[in-house]
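Reading the structure
Okay, here's what each chain looks like letter by letter:
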Amino acid sequence: MTRKFKNIKGGVTLPHKKGTSEISTKILPIPKLVEIPMQQHIGACCEVLVNKGDYVYVGQVLGDTAKFVSAPIHSSVSGKVIQIKDIILYNGSKSVSIIIEPDGKQTVLPDISKPDISTKENFLKAVRSSGLTGLGGAGFPAHVKLDTKDRIPEALIINAVECEPYITCDYRAIIEEGREIVKGIELILDKLSISKSYIAVEDNKPAAFTLLKELTKDEPRIETVMLSTKYPQGAEKMLIYALTGREVPMNGLPIDVGVVVMNVTSVLALFKYCQTGMPLVSRRVTVEGDGVADKGNYQVVLGTYIKDIFEYCKGDNQKTLKVLCGGPMMGITAESYETPVIKQNNAFLFMTQEDLDFIEETACIRCGRCIDACPMGLMPLTLNKYALAKMTEELEKYHIMNCIECGACSYVCPAKRHLVQSFRVGKDLLKKAKVKNG
Ligand code: SF4
Ligand code: SF4
C-alpha cells in the first residue's frame, strides 16, 4: 500500500478544549446498583441468560445470541440480579436491562482463564467471547470487523485521532498503557497475517505521537503517523481517506478498500482479554463540563448510572442543565441521570448554561456553508428541508443514510439550523418507510 496523506473533504477546525488530558485516570468505586442493557452494540440484541434472584460473578455472561453481528454481555460486578426490565436507551434503542445489586466483593467467575488464541479461528472466537465492540463510540462488534474471511487486509489502521473537543480517554489510554496497545497491535497483525499497521494521531497530541513513535521504533510493521488536526477525521471513512486516499464505497466496508480500522482503546481491551480472559466489564470515560468539579478520566464498571458518576465527580445540580453522552459534536443527550454506562460511552459532558448558549434557529439563508463543511459530499440544507417535510423518497435520493451525523454542517450554519437532529429523525422515517413498503 502506498501511503499518502490527504486532506479530508469538508470538515471543520474545532477548539481543542482537552482540559483533562494531563490528569491521570482514577477508578470510580463500585456503585450500589448497576444496570446492564442487553443492547450495547450495532446488531442483534442479546437474550437474557440469567433470572431474577441469581447470584452472578464478575465476567459471567448475562446475555448472548446466536446472531453473528452481536457480542455477548457480561456482568461487571458480583452480586444478585434484582430486576429484569424493558428500557429505552439514551440513543433510542429498545433493550432489556438486568439490574444487579453488587455484594462489593467483586468475585470473579471461577473458570475465567486466558483464551486459546493459537489459530486465527480460535483468535476470532476469543474476540467474540471478549464482548468487545468498538469503544470509540460506534459499537461495531470487534469479531465482525476482524473476520475478513479469505481477504487479508493490506493494513491495519489504528484510530488514535480522538477529534472531538473535551474527550481524552483514548489519549490517556496511550499515555498510561501505550506498551500494551503496541503489543495488542502486534497480536492482531500476527493472528490475521497483516504486514503493516499505521497508528494515526492528530498533531494536537504531540506527547501521544512521541510516545507511540518511541514504543514502535523497533517494530518495522508499525508506523505512527501524524495527521493535521481536522474534524471529523476520526470517522472511519475519513481516516481511511486521509491515510490512503481510498474511498470506501457507499454501503461498503473498510475491507473493500483493503484495510481494517480499530480504535486504539479497543486494541488495548482486546490485548488485556487475551492476557487474562476477563471480558469487557469496565471502560475509561472522560467526565467533563462545568457542571462537575472533578473533571477527568475514570475507569468505571459498565452499568454504572450517570448519577453515580455525577455524584462522585462533585456534580452541581443547580448548574448542570444537560448531560451529553459523547462529545459536543456527536454526543446524544441523556434523558435521565438513571442512564447506565454502556460499552459505547467514551465521555459524559455535564453542560451548563454557558456551555449551551442556546440560539434559536432561524430560516436558512442558502449560504452553502453546510455543503462546504460536509465531509460526505451531501447537501445538508436540502436534507434538512426534506426531513422536516417527512419526504422519505427525496431523503433517499439525496443519500441521507450516508450522513455520519458528524455535526460539521450544524457547526458552521449561521442560521443555527438543527440539522443533525433533523437527519436523525429523517433516517428513522426512511427506515420505517422501507420496512412498511417491504
Ligand atoms: S449553512 Fe445553514 S443557512 Fe447556510 S445553507 Fe446551510 S442550512 Fe442554510
Ligand atoms: S450532512 Fe451529515 S455527514 Fe454531512 S456534515 Fe452534516 S452531519 Fe456531517
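Residues numbered from 1 in each chain as written. Chains lettered and ligands numbered in written order. Predicted model: local features only at pLDDT ≥ 70, side-chain atom pairs only at ≥ 80, totals over all residues.

1. So, the overall build of the chain
The cut-off we apply is this: Helix and strand definitions here come from DSSP, where helices need a minimum of 4 consecutive H or I residues and strands a minimum of 2 consecutive E residues; each element is numbered from the N-terminal end. In this setup the radius of gyration rests on C-alpha atoms only. A globule is expected at 2.2 Å times the number of residues raised to 0.38. Field definition: a residue is buried when 20 or more other C-beta atoms are found within 10 Å of its C-beta, exposed when 12 or fewer are, and partly exposed for counts in between, with C-beta atoms placed from the backbone. Whether two residues are in contact is decided by their C-beta atoms, placed from the backbone, lying within 7 Å.
Scanning the chain from N- to C-terminus turns up 13 helices and 17 strands. In terms of overall dimensions, the chain is globule-like: its C-alpha atoms have a radius of gyration of 21 Å, near the 22 Å expected for 438 residues. The principal-axis extents of the C-alpha atoms in the chain amount to approximately 65 × 50 × 50 Å. Counting the 438 residues in the chain, one finds 49% classified as buried. If you take every contact in the chain between residues at least 6 apart in sequence, the share linking residues at least 24 apart comes to 73%.

2. So, helix α3 (residues 169–192)
Quick reminder of the rule: In this analysis, the expected span of each helix is defined as 1.5 Å times one less than the number of residues it contains. Note on bend: at a given residue it equals the angle between the axes fitted to the 7 residues ending there and to the 7 starting there.
When the terminal C-alpha atoms of α3 are compared, their 27 Å separation across 24 residues is substantially less than the 34 Å that a helix rising 1.5 Å per residue should span. At E177, α3 shows its maximal bend, which comes to roughly 95°. Positive backbone phi, at 55°, marks S193, one or two positions downstream of α3.

3. Brief notes about the sheet that holds strand β2 (residues 34–37)
Here is the rule: In this description, strands pair whenever DSSP reports at least two bridges between them.
Spatially, β2-β8-β7-β4 is the arrangement adopted by the four strands of the open sheet, whose pairing is antiparallel. In this open sheet, the two strands that pair with only one neighbour each are β2 and β4 (55–56). Direction of pairing for β4 relative to strand β7 (residues 79–88): antiparallel, over a ladder of two bridges. When the bridges of β7 are listed, Y55 appears paired with K80.

4. Some details on unusual backbone geometry
In this structure, P232 follows Y231 across a cis peptide bond, with omega equal to 0°. Note on placement: P232 falls in the loop between β11 (222–227) and α5 (236–244). In the Ramachandran plot, K17 falls in the positive-phi region, its phi being about 45° despite a non-glycine side chain. By the secondary structure assignment, K17 is in the segment before β1 (26–27). Look at K17 and you get partly exposed, because 15 C-beta atoms sit within 10 Å.

5. Section: the pairing of β11
Remark: a regular strand shows side chains that alternate across the two faces of the sheet. Heads up, the rule is: Note on handedness: a crossover is taken as right-handed if, strands pointing away from the viewer, the path from the first strand over the helix to the second is clockwise.
As judged from the six bridges shared by strand β10 (residues 197–202) and β11, these two strands associate in the parallel manner. Counterpart to I199 in the pairing with β11 is T224. Since β10 and β11 lie parallel, the crossover through helix α4 (residues 206–215) that links them has a hand, and here it is right-handed.

6. A look at the domain arrangement of the chain
Condition: Domains are outlined according to an automatic or database domain assignment. Amino acid classes used here: Ala, Val, Leu, Ile, Met, Phe, Trp, Tyr, Cys and Pro are nonpolar; Asp, Glu, Lys and Arg are charged; the rest, including Gly, are polar.
Domains assigned within the chain are domain 1 (120–276) and domain 2 (369–436). Here the C-alpha centroids of domain 1 and domain 2 sit 29 Å apart. Across the contact, five residues belong to domain 1 and five residues belong to domain 2. In terms of residue class, the side of domain 1 that touches domain 2 is built from five nonpolar, no polar and no charged.

7. Concerning the pairing of strand β14 (residues 296–301)
With five of six residues buried, β14 is to be regarded as a mostly interior element. The pairing of β1 with β14 spans two bridges and is classified as parallel. Residue pairing in the sheet places K26 in a bridge with Y298 of β14. One ladder, built from six bridges, connects strand β13 (residues 282–288) with β14; its direction is antiparallel. In the sheet register, V285 faces β14, and the bridge partner there is Y298.

8. A look at the site of ligand 2
Selection criterion: Near residues are defined by distance alone, with the backbone-placed C-beta atom required to lie within 6 Å of the molecule or strand.
Around ligand 2 lies a shell of 15 residues, among which C374, C403, C406, A408 and C409 are the nearest. Considering only residue class, the shell around ligand 2 consists of 13 nonpolar, one polar and one charged.

9. Things to note about the nonpolar core
The line we're drawing: Each nonpolar core reported here comprises buried Ala, Val, Leu, Ile, Met, Phe, Trp, Tyr and Cys residues connected via C-beta atoms within 7 Å.
Core analysis: the biggest nonpolar cluster contains 119 residues, and I157, I158, A200, L239, V267 and F348 have the highest contact counts within it. For this core, the domains that each give at least three residues are domain 1 (120–276) and domain 2 (369–436). When residues no more than four places from it in sequence are discounted, the contact partners of V267 are I158, I181, G184, I185, I188 and M262.

10. Re the environment of L89
Mapped onto the elements of the fold, L89 is located in the loop between β7 and β8 (94–102). Along the sequence, L89 and E335 sit 246 residues apart, while their C-alpha atoms lie 9.2 Å from each other. Those residues in contact with L89, other than ones at most four positions away along the chain, are P37, Q39 and S95.

11. Thoughts on the environment of Y273
By the secondary structure assignment, Y273 is in helix α6 (residues 264–276). We classify Y273 as buried; it has 23 C-beta atoms within 10 Å. With 159 residues separating them in the primary sequence, Y273 and K114 have C-alpha atoms 7.5 Å apart. Among residues more than four places away in sequence, those in contact with Y273 are S130, L132, M278 and P279.

12. Here's the deal with the packing of α3 against α4
Stated formally: The convention used is that axes are lines fitted to C-alpha atoms, helices contributing only their stretch in contact, and that angles between N-to-C directions extend from 0 to 180 degrees. In this scheme, roughly parallel covers angles under 35 degrees and roughly antiparallel covers those over 145, while 65 to 115 is roughly perpendicular and the rest are oblique.
Across the interface, α3 lies against α4 with an axial gap of 10 Å and an inter-helix angle of 10°. Overall, the two elements α3 and α4 adopt an arrangement that is roughly parallel. In contact with Y171, I174, I175, G178, R179 and V182 of α3, α4 contributes A207, A208, L211, L212 and L215. Residues of the contact of α3 with α4, tallied by class, amount to nine nonpolar, one polar and one charged.

13. Concerning the sheet that holds strand β6 (residues 73–74)
As summarised here, the arrangement of the three strands in space is β3-β5-β6, forming an open sheet in which the pairing is antiparallel. Looking at which strands have only one partner, the edges of the open sheet turn out to be β3 (47–48) and β6. In this sheet, β6 lies alongside strand β5 (residues 61–64) in antiparallel orientation, the contact comprising two bridges. Among the inter-strand pairings, V61 is bridged to a residue of β6, identified as H74.

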